[in-house]
Amino acid sequence: MHSVAVNLEAGQFLSGWRPEAGSLFLPALSESRTGDEVAVRVGIHGQAIRATVFGRVAAVRKVGRPAMPPGVEVVLDRASLPAAGFLALAARGEPVTFRERSPRFAVERILRVLHEAQESETTTLNVSEGGCAVRWQRQLPLVGDVVGVKLASGLFAPTARAVVCWNQPGGPLERSVGLRIVAEGRPLRAWKAFILDVERSGARAA
């Protein structure tokens, strides 16, 4: 998965955002290929809002012109569409009101995570149906890195695929990482069962 952070002018973002198609042109990643997965941290100049969006490259423009720079057309995944919509509102100078999200629970649970062929133990800070924040003991992964989250012990334990959407090297949440679950099938069902167990335990909503 490719990852990059970009700061766009408001007009640049709006000209590249196609809500009817769920796609966004980005003047970056022109070295990628059609079908590649990407994670992009997008900011709008003059606005505080930032958002990480995910998707697949639908087209690559390797050679550009002054009015059409090199870059990629990214078809965003469904979960990234609200974030792109928030960015569009900010780019137009309109107030941004965040929609209600799924419940997030402040709870410490031990998880096994796989990153760069290494398995390690970590503790959650909070969890939700869409992902979790965890303490991270080793070198911080990059935004866009893929992480496996093991949801049981044993050889055939389901492992949910997740993508790093932020990292925190210091501060109140020292060395922590935000993971967004992008699993399907059995691993996704296992993650939802994990969240349901947390909710039934009486964990405090964050």
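Residues numbered from 1 in each chain as written. Predicted model: local features only at pLDDT ≥ 70, side-chain atom pairs only at ≥ 80, totals over all residues. Heavy atoms only, no water.

K.L.:
Go over the overall build of the protein, please, and point to the residues and values.
P.N.:
Scanning the protein for helices and strands turns up three helices and 14 strands. The globule rule puts the C-alpha radius of gyration for 206 residues at 17 Å, and the 18 Å found for the protein is close to it. Projected onto the principal axes, the alpha-carbon positions of the protein cover approximately 55 × 35 × 35 Å. Within the span of the protein, comprising 206 residues, buried residues form 40% of the whole. In the protein, once contacts between residues fewer than 6 apart in sequence are set aside, the share between residues at least 24 apart is 55%. Carbon and sulfur atoms make up 51% of the accessible area of the protein, which amounts to about 11,300 Å² in all. Charge-centre separation for the protein: the mean point of 26 positive side chains lies 1 Å from the mean point of 19 negative side chains. (Helix = DSSP H or I, 4+ residues; strand = E, 2+ residues; numbered from the N terminus. Rg over C-alpha atoms; globule rule 2.2 N^0.38 Å. Buried < 20%, exposed > 50% of the residue type's maximum accessible area, 1.4 Å probe, protein only. Contact = heavy atoms within 4.5 Å. Areas by Shrake-Rupley, 256 points an atom, 1.4 Å probe, with all protein chains shown as cover. Lys, Arg positive; Asp, Glu negative; His and termini not counted. Charge placed at Lys NZ, Arg CZ, Asp CG, Glu CD.)

K.L.:
Now, about helix H2 (residues 81-91): what can you tell me, with residues and values included?
P.N.:
Taken residue by residue, H2 has Ala83, Ala84, Phe86, Leu87, Ala88, Ala90 and Ala91 as its buried positions. One or two positions beyond H2, positive phi appears at Gly93, with a value near 80°.

K.L.:
Could you give an account of the pattern of salt bridges, with specific residues and numbers?
P.N.:
According to the stated counting rule, one finds 10 salt bridges in the structure shown. Put simply, Arg161 and Glu37 hold a salt bridge, and the shortest N to O gap is 2.6 Å. One end of the pair, Arg161, is in strand S12 (residues 159-168); the other, Glu37, is in strand S4 (residues 37-44), with 124 residues separating them in the sequence. By relative accessible area, which is 32% here, Arg161 ends up partly exposed. Across the pair Arg109 and Asp197 runs a salt bridge, and its minimum N-O distance is 3.1 Å. Remark: Asp197 occurs in helix H3 (residues 185-200) and Arg109 occurs in the loop between strand S7 (104-106) and strand S8 (110-115); sequence separation between them is 88 residues. On the basis of relative accessible area, Arg109 is assigned to the partly exposed category, the value being 22%. Judged by relative accessible area, which is 42%, Asp197 ranks as partly exposed. Overlapping salt bridges, with partners in common, bring together Arg112, Glu119, Glu121 and Lys150 in one network. (Salt bridge = Lys/Arg side-chain N within 4 Å of Asp/Glu carboxyl O.)

K.L.:
Which residues make up the nonpolar core, and what are the values?
P.N.:
Nonpolar side chains tend to gather and get buried jointly when the protein is soluble and globular. Within the largest apolar cluster, 26 residues are counted, with the highest numbers of intra-cluster contacts made by Val6, Phe13, Trp17, Leu26, Val40, Val42 and Leu87. Every element with two or more residues in this core is listed here: strand S1 (2-8), strand S3 (23-26), S4, strand S5 (50-61), strand S6 (71-76) and H2. Of the residues forming this core, the biggest block, seven residues, is contributed by H2. Discounting residues that sit within four places of it in the chain, Leu87 has contacts with Phe13, Val42, Ile44, Ile49 and Ala51. Phe105, Val113, Val177 and Phe194 belong to the second largest nonpolar core, which has 23 residues in total. (Core = buried A, V, L, I, M, F, W, Y, C linked by side-chain atoms within 4.5 Å.)

K.L.:
Could you give an account of the confidence of the model for the protein, with specific residues and numbers?
P.N.:
With 93% of its residues at a pLDDT of 70 or more, the protein has an overall mean of 86. Here strand S14 (residues 204-205) is the element of the protein with the lowest mean pLDDT, 84, and strand S2 (residues 17-18) is the one with the highest, 94. (pLDDT = per-residue confidence, 0-100.)

K.L.:
With reference to specific residues and values, describe the side chain of His115.
P.N.:
Within the fold, His115 resides in strand S8. A relative accessible area of 4% means that His115 is categorised as buried. A distance of 3.0 Å separates the side chain of His115 from the side chain of Asp145, its partner in a polar contact. Every residue in contact with His115, bar those within four places of it in the chain, is listed here: Trp136, Arg138, Pro141, Asp145, Val146 and Val147. (Polar contact = N/O pair within 3.5 Å; in protein donor to acceptor, adjacent residues only side chain to side chain.)

K.L.:
So what's going on with the packing of aromatic side chains? Residues and values would help.
P.N.:
Scanning all chains against the criterion turns up one aromatic pair. A ring pair is formed by Trp191 and Phe194, whose centres lie 5.1 Å apart and whose planes are at 40°; its orientation type is tilted. Taken together, the residues Trp191 and Phe194, both in helix H3 and three residues apart, mark about one turn of the helix. Here Trp191 matches Phe194 in class, with each residue buried. (Phe/Tyr/Trp six-rings, centres within 6.5 Å; stacked < 30°, edge-to-face > 60°.)

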